[in-house]
Amino acid sequence: MTDFAHKPTLTGELVILRPLDESDYDALMAAMADPEVSRFTGDHAGGGVEEETYRDWLRTRKDQTDRLDLAIVSKPTGRTVGEAVLNKWSPEDESCNFRILIGSEGRGQGLGSEATRLIVGYGFEQLGLHRISLMVFAFNPRAQRVYEKAGFVEEGRLRHALKWDGEWVDDIVMAILAPEWEALRSKA
């Protein structure tokens, strides 16, 4: 039975995923202000959110019963470097969406790969989900490789979904199903 009310702490070799809270404000604001994060999320405003609104949003993450918001904490530094989220839950379809955000302090160290595997594994193995999907812009091949290594496959494209710096960019739809996750795990 899927239960998004429980907010676990998931521990890997490189990262700890723990419930997101207001203490993560500074790290997440710094990440969202990163030009690369703005580009890869298609955020033309560059992470511009009002402080109190965002702090309120962070305070309420533990109370959400239809989503899971976890801070990505680097084990070597103990610092929050991003967030991993399961959201847009459809109980009838046993599915949800996945998204991840990692600021510059956490890139290029394998933290995103491990965080992806941890939360996707939790979604299938503990929550009983059947399908987890995501969307990634075509100009983010690094993220596409991370998702493919975790078992996600491309299902389609939203052509010219984003106009960035005068160029049209496709949005790629990817997903992984529970049997695919299980097959991937059995090979490891």
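Cut-offs and rules
Residues numbered from 1 in each chain as written. Predicted model: local features only at pLDDT ≥ 70, side-chain atom pairs only at ≥ 80, totals over all residues. Heavy atoms only, no water. Helix = DSSP H or I, 4+ residues; strand = E, 2+ residues; numbered from the N terminus. Rg over C-alpha atoms; globule rule 2.2 N^0.38 Å. Contact = heavy atoms within 4.5 Å. Salt bridge = Lys/Arg side-chain N within 4 Å of Asp/Glu carboxyl O. Buried < 20%, exposed > 50% of the residue type's maximum accessible area, 1.4 Å probe, protein only. Pairing = 2+ DSSP bridges. Core = buried A, V, L, I, M, F, W, Y, C linked by side-chain atoms within 4.5 Å.

Asker: Would you take a moment to explain the overall build of the chain for this structure?
Answerer: Of regular secondary structure, the chain possesses six helices and eight strands. In the chain, the succession of α and β elements from N to C terminus is β-β-α-α-α-β-β-β-α-β-α-β-β-α. Its C-alpha radius of gyration of 16 Å places the chain within 12% of the 16 Å reference for a compact globule of 188 residues. Expressed as lengths along the three principal axes of its C-alpha atoms, the size of the chain is roughly 40 × 35 × 35 Å. Residue pairs at least 24 apart in sequence account for 64% of intrachain contacts in the chain once pairs closer than 6 positions are excluded.

Asker: What's the story with the pattern of salt bridges in this structure? I'm lost.
Answerer: It is possible for side chains of opposite charge to pair when their charged atoms get near one another. Summed over the entire model, instances satisfying the criterion amount to 15 salt bridges. We note a salt bridge from Arg55 to Glu51, for which the minimum N-O separation is 2.8 Å. Remark: Glu51 and Arg55 occur in helix H3 (residues 51-59); sequence separation between them is four residues, near one turn of the helix. The salt bridge involving Arg131 is made with Glu155; its shortest N-O contact spans 2.8 Å. Here the residue Arg131 occupies a position in strand S6 (residues 131-137), and Glu155 occupies one in strand S7 (residues 153-164), the gap between them amounting to 24 residues. Owing to a relative accessible area of 24%, Arg131 belongs among the partly exposed residues under this scheme.

Asker: Would you explain the sheet that holds strand S8 (residues 167-177) in this entry?
Answerer: Backbone hydrogen bonds are what pair the strands of a sheet, in a parallel or an antiparallel way. The strand order across the open sheet built from eight strands is S1-S2-S3-S4-S5-S6-S8-S7, with neighbouring strands paired in mixed fashion. Where the open sheet ends on each side, the last strands, each with one partner, are strand S1 (10-11) and S7. Note that S1 and strand S2 (residues 15-19) share two bridges and pair antiparallel. Each residue of the ladder has a partner; that of Leu10, found in S2, is Leu17.

Asker: Would you take a moment to explain unusual backbone geometry for this structure?
Answerer: If a residue is not glycine, its phi is most likely negative; likewise, a peptide bond is most likely trans. Phi at Glu94 is positive, roughly 50 degrees, even though this residue is not glycine. Note that Glu94 resides in the loop between strand S4 (80-90) and strand S5 (95-102). Positive phi is not limited to glycine here, since Asp165 has a value of about 50 degrees. With respect to the helices and strands, the residue Asp165 is situated in the loop between S7 and S8.

Asker: Help me out: how do you make sense of the nonpolar core in this one?
Answerer: The nonpolar side chains of a soluble globular protein tend to be buried, and buried together. By size, the foremost hydrophobic cluster in this structure holds 33 residues, and its most contacted members are Leu86, Phe98, Ile119, Ile132, Tyr147 and Phe152. Counting only elements with at least two residues in this core, the list comes to S2, strand S3 (68-74), S4, S5, helix H4 (111-125), S6, helix H5 (141-149) and S8. Ignoring any residue separated from it by four or fewer positions in sequence, one finds Phe98 in contact with Ala84, Val85, Leu86, Asn87, Thr116, Ile119, Ile132, Ser133, Leu134, Tyr147 and Phe152. Ranked by size, the runner-up nonpolar core spans twelve residues in total, among them Tyr25, Ala31, Val37 and Leu58.

Asker: Just to check I follow, could you spell out the environment of Thr65 for this structure?
Answerer: With respect to the secondary-structure elements, Thr65 resides in the loop between H3 and S3. A sequence separation of 44 residues divides Thr65 from Asp21, and the C-alpha atoms of the two residues are 15 Å apart. In this structure Thr65 touches Phe4, Ala5 and Trp89, once residues within four positions along its chain are discounted.

So yeah, pure geometry; function would need other evidence.
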